[in-house]
Structures are given as C-alpha cells and as structure tokens.
Amino acid sequence: MDAEAISEGRRRWQARYDAARKRDADFTTLSGDAVDPVYGPRPGDTYEGFERIGWPGEFPYTRGLHATGYRGRTWTIRQFAGFGNAEQTNERYKMILEAGGGGLSVAFDMPTLMGRDSDDPRSLGEVGHCGVAIDSAADMEVLFRDIPLGEVTTSMTISGPAVPVFCMYLVAAERQGVDPGVLNGTLQTDIFKEYIAQKEWLFQPEPHLRLIGDLMEHCAAGIPAYKPLSVSGYHIREAGATAAQELAYTLADGFGYVELGLSRGLDVNRFAPGLSFFFDAHLDFFEEIAKFRAARRIWARWMRDVYGATSEKAQWLRFHTQTAGVSLTAQQPYNNVVRTAVEALAAVLGGTNSLHTNALDETLALPSQQAAEIALRTQQVLMEETGVTNVADPLGGSWYVEQLTDRIEADAEKIFEQIKERGTRAHPDGQHPIGPITSGILRGIEDGWFTGEIAEAAFTYQRALEKGDKRVVGVNCHTGSVTGDLEILRVSHEVEREQVRLLTDRKARRDDQRVKRALEAMLAAARDGSNMIEPMLEAVRAEATLGEICGVLRDEWGVYVEPAGF
Ligand SMILES: C[C@H](C(=O)O)C(=O)SCCNC(=O)CCNC(=O)[C@H](O)C(C)(C)COP(=O)(O)OP(=O)(O)OC[C@H]1O[C@@H](n2cnc3c(N)ncnc32)[C@H](O)[C@@H]1OP(=O)(O)O
C-alpha cells in the first residue's frame, strides 16, 4: 500500500476515534508518558499488504472491531460458574458481580446438558456436580433471583437442549417483569462442535439444525441484541486440535449457521450479528494472538464476499475466550495461575471481547471460592495494572505476528477447501439442502473426518510430550516441590436428594393437563414444520420439565449415534 493510502486510512481511523466515547481513565504508561491509541507505519512509509492489516474499527478488522480498542470499553470479565442447585449458584453469581465481574456465564450440570431431569435414573450421582441443576422454569427463576435480567448480560453454555433452556430463561425474565425483547446475552447452541468434539448431542443433525433455525428466526425477529449462537472452537481445541484446525473448523461451523439462516430466507444483516464466537487461549502466546487476528479477518472477508453481508455488525467477529483448561496440571497446581495469566494476556492482545480465566484447581474439581476469586483478580490485574488497554492491537506490524497471522489464515483456507470438497462429494449435483459448507460439515461428521483429524493432532502432540520434545513444568521437567494443600470444592449428594424432592413437589402442584396439551402442540409444530419456539415457551410456562420436552423430541427425531472410527 502506498504512503498516501496509508495516511488516508489513518485519517479515517482518527475521525472515528475522535467521535467515539472513551473511558474516563488514565492512558499513560506507568512512568506517566503519553501513548497513542494505536500505532502504524510512520508517515511517508509504504507497507506492502497493509490493506490486510489496516486500522482498528474498519474492514477487515484484523486489528479489532472498535477504533478505540479497549479505551472505549474494556473486555467483559465473564467467569463461567455453576454448581449444586439454583440457590447455591445464585449466591456465587452475586459474589462474582459484587467482585467486579461484568457479566454472567452459566455452567449446567451433566443431566441438564444432556436434556435429562434430576430424577432420571441416568442422572444419578451427577446432579449439581459439574454445574447447576436446572429442571424447569422455576429453577431458572431462582438462579437469577435478585439479578435484573434486563441489565446483566448472561451467557448460557448449553447446546443439545439449548432451545428449551433458552425458553426457561425467557420465562424467568417474564416472571421478573422484564420484556424478553430487551434481553442481551448469549446461548451456546452450537451443535456442530458437539458432533465434532465435545459429544454432548441429543438428536440427529438435520432436525437439530431445523430447531436452531427456528431459534435464529425467533431472535432475529424479536430479541435483536441477543446472540443465539456462540460458535465454539474451545471444545475442538481442548480435544486436541491445532490452532489452525480450531480456527478453521469453528469458522466453517459459523459459515454453516450463516447458510442455515440464508436457507430460511433470513436477512444476513439482521441475523449475523447474533452469531458470536468462543475460542481457546492456549499457551503458545504469539500463535494464539495471530489466531484471533486471523479469525476477525477471515470472517469479515467471507461475510462480505461470500455471504453478501453489508453492515458492519454482520461482518464483525466478536468472541469470548477461555484460557486452556487442558494446559492446567494437577502437579504443582499453583503454577496454573501463571499459565492462565499468560493465556489471558494472549486473548487480550488478540482483542478478545469477553474472557474467562480458569481457576488453579480446575484439573481437580470445580473451583473453590478462593480459586475462583484469584482467577477473576488475574483479569483485573491485567486490566488495571499492565497498560494493555491503552493501545489497540499493540503487536500489529510485528514481523513475527503478521506472518503467523497470514500463515494461520492460509492454513484455515486450505481446510475450508477440504470441507467444501466433502460437500461436493456428498452432493455432486450442487443441490445442497442448506449450503455447500454445511454439506461438507455434515459429511465430515458422518464419516468421522473431523474426529480423525483431531485425534491425529492430539496423538502427535502426546507423542512429542512423551519424547520430551514438548515440555510441561511439573510434568516432564522441573518436577517435584511447589506443593500445598488445596481447598477442594465438593458438592454434597444431599443436593441431588433435595433437587429431586423439589422437582417431585413442583410436578405434583402443576396443571398436568396444561403440560400435556402444551407438549402435544409442540410435537405438532415439530411435525408440521412451523416455528417451535412459541409452543415450547408455552410448555415451559406450564412447568414442563427439560426431560419431558427433550423426551418428546427424542422420540420424534431419534437420538444420534456416532459412527465408530479408529
Ligand atoms: C468450556 C465450557 C464448557 O463447555 O464446559 C464452556 O463452553 S464455557 C462458554 C462460556 N461462553 C461464554 O461465556 C460466551 C460469552 N459470549 C458473549 O458474552 C458474547 O457472545 C460476546 C462474545 C459477543 C461478548 O459480548 P459482551 O456483551 O460481553 O461484549 P461486546 O463486545 O459485545 O460489548 C458490549 C457492547 O459494548 C460495545 N463496545 C465494546 N467495545 C467498544 C468500544 N471500544 N467502543 C464502543 N463500543 C464498544 C459493543 O459493540 C457492544 O454493544 P452492541 O451490542 O450494541 O454492539
């Protein structure tokens, strides 16, 4: 790019920056020196390929979505939390908000994640263990007691039964007197990554995608600020994928949902802002920063050039990051605070919009109160003390980071080609039921391609670790010492007994006929192809349980069985 074009871009950025609101904060260095909000080539310099880097706040958004970077708004501190029953988790949320957490993030227990009630025989021993137990709208009400749903943005990590859980959230808002139309938050929903990596699916992919389409339609029409999909690379990475695989599979999944929206006749500029992303921040500091920068650039380009998005928000890739759970070690667990801080810094330098930092004891149990607080404070130390919020994309222009960004982008593009090619093999006539990328994803799930590729990458890493080529402190080098007693959070089995008692009591008090009629109406919608959200909401209002709703749909659509692979 020639010097004049670079200067022109800087002038555009400056105008945007000047017009935008900045936080009332000190943006000087620790020594008191002024720093610019962004740095770029010196006046008069040329820079080949600068259009791929650009300025924060403009296409292709490599350097961030906002001209002001974190000077306008810092990232959201969003700590993933939930355990025991709704009452206990509600207490933890109040602690998080009081300690300065910017938003909430619900972790559900395994029965809830699998669409089962607490009294289901398969739930035995799991109720309230890896998250909070939610059986019906009444639990959701307790979960958010004294927390104004119209004001706090809440993320819910749930995918198989995302839609009925979302309906419970809407009903909890109604019961608080909040208009559901003003809700802002995120539902994970992303089912592709369940088939690809995390394996918490319920139904066959096709009917499940139809249900997601209903959700997208409902939100685009009536809950404009809500993000009904958090397309997740985190679980793909944690299963052993490389950085480029994490990026490519996740963005491809995102393209799949865009194709789903388009196939339903929705306006891309209206529904695409409802797609957000969720990535892992692993330990290779620069590779992770490059991954985040490449993610924004690829997404913006595909959204504009392939899917015809013209509005800024429809081209934006917004993402939440969680530090890598898989990088934590049970050995010398206090070192995990350091690992998490480094990973969190990579996320911030990569311009994350929202962040969860893991607690040091998470390889052993759910976080204790103290470990959860240290994790939260880690973000606050980065935010308040280090100066990283002063300058947008401070590593932009680094030869290393720019080349890594280009390389990861090129690797991802190769993977998109492989996915597209699988789609062509599935539908050689070019008649894709949803879209070409979606056909490729569905074929890759069906024939175990994604799982195989991830397993291969995980195996390669494990072999390198065992040979000692890759080193982990406390595990295969510098072992011994740094011990100490950790307080371990244990969830009492009493929680399960109490939850089952509550559920039995609620079922005895509800109007069973109303529940039956509502479930039948929902089934009728499942069969006639009409949007299922309203009838599902009606069932939830009648206190139909999650297990009942998912049970009806399981019977109708069948459960998914994974193909065996070696
Ligand atoms: C591993 C575990 C498991 O499975 O067990 C999990 O999955 S845990 C998974 C947990 N998942 C999560 O927690 C997902 C969290 N995701 C989210 O919160 C969202 O989807 C998100 C990534 C888009 C972040 O949303 P957010 O509200 O926190 O942050 P945003 O970036 O959207 O910022 C909020 C508003 O401020 C605006 N804003 C932000 N920065 C600026 C700036 N510098 N200048 C001007 N405006 C700004 C945004 O445009 C937006 O407004 P406007 O909206 O008007 O544009």
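First, a word on scope: everything that follows refers to the structure included in this document. (Residues numbered from 1 in each chain as written. Predicted model: local features only at pLDDT ≥ 70, side-chain atom pairs only at ≥ 80, totals over all residues. Heavy atoms only, no water.)

### Section: the packing of helix α13 (residues 335-349) against helix α14 (residues 369-385)
Piece 1. Their axes nearest at 10 Å, the elements α13 and α14 cross at an angle of 45°. The orientation of α13 with respect to α14, classified from their angle, is oblique. Remark: the crossing between α13 and α14 carries right-handed chirality. Along the contact surface, α13 presents V337, A341, A344 and L345, while α14 presents I374, T378 and L382.
Piece 2. When grouped by side-chain class, the residues that make up the contact of α13 with α14 number six nonpolar, one polar and no charged. (Axes fitted to C-alpha atoms, helices over the stretch in contact; angles between N-to-C directions. Helix = DSSP H or I, 4+ residues; strand = E, 2+ residues; numbered from the N terminus. Parallel < 35°, antiparallel > 145°, perpendicular 65-115°, else oblique. Left-handed = near helix turned anticlockwise from the far one by under 90°. Contact = heavy atoms within 4.5 Å. Nonpolar A, V, L, I, M, F, W, Y, C, P; charged D, E, K, R; others polar.)

### Side note on helix α2 (residues 86-98)
Piece 1. Taking 1.5 Å as the rise per residue, α2 with 13 residues should run 18 Å; its terminal C-alpha atoms sit 18 Å apart, in good agreement.
Piece 2. Where α2 is concerned, the buried positions are A86, T89, N90, R92, Y93, M95 and I96.
Piece 3. If you follow the buried residues of α2, they end up packed against β1 (76-81), β2 (103-107), α4 (137-143) and α14.
Piece 4. Just past α2, the residue G100 takes up positive phi, approximately 110°. (Expected span 1.5 Å × (residues − 1). Buried < 20%, exposed > 50% of the residue type's maximum accessible area, 1.4 Å probe, protein only.)

### Remarks on the pattern of salt bridges
Piece 1. Evaluation of the coordinates by the stated rule reveals 50 salt bridges.
Piece 2. In this structure, K291 and E288 form a salt bridge, with 2.7 Å as the shortest nitrogen-oxygen distance. Placement of both K291 and E288 in helix α11 (residues 285-305) is noted, with a separation of three residues, approximately one turn of the helix. A single burial state applies to K291 and to E288, both of which are buried.
Piece 3. For R377, the salt bridge identified is with E373, shortest N-O distance 3.3 Å. Taken as a pair, R377 and E373 lie in helix α14 at a separation of four residues, close to a single helical turn.
Piece 4. Residue classification places R377 among the partly exposed residues on the basis of a relative accessible area of 33%.
Piece 5. Several salt bridges converge on common partners, so that one network encompasses R52, R297, R301, D406, E409 and E413. (Salt bridge = Lys/Arg side-chain N within 4 Å of Asp/Glu carboxyl O.)

### Considerations on the site of the ligand
Piece 1. What surrounds the ligand is a group of 27 residues, the closest being T76, T186, H235, S276 and R318.
Piece 2. Separating an oxygen atom of the ligand from a side-chain N or O atom of T186 is a distance of 2.7 Å.
Piece 3. Here an oxygen atom of the ligand and a side-chain polar atom of S276 are 2.8 Å apart.
Piece 4. Burial of the ligand by the protein amounts to 81% of the accessible area it has alone, namely 1,100 Å².
Piece 5. At the level of secondary structure, the elements contributing two or more residues to the shell around the ligand comprise β1, β3 (154-157), α8 (234-238), β6 (275-281) and β7 (319-323).
Piece 6. Tallied by class, residues from the shell around the ligand come to five nonpolar, 17 polar and five charged. (Near = heavy atom within 4 Å. Polar contact = N/O pair within 3.5 Å; in protein donor to acceptor, adjacent residues only side chain to side chain. Areas by Shrake-Rupley, 256 points an atom, 1.4 Å probe, with all protein chains shown as cover.)

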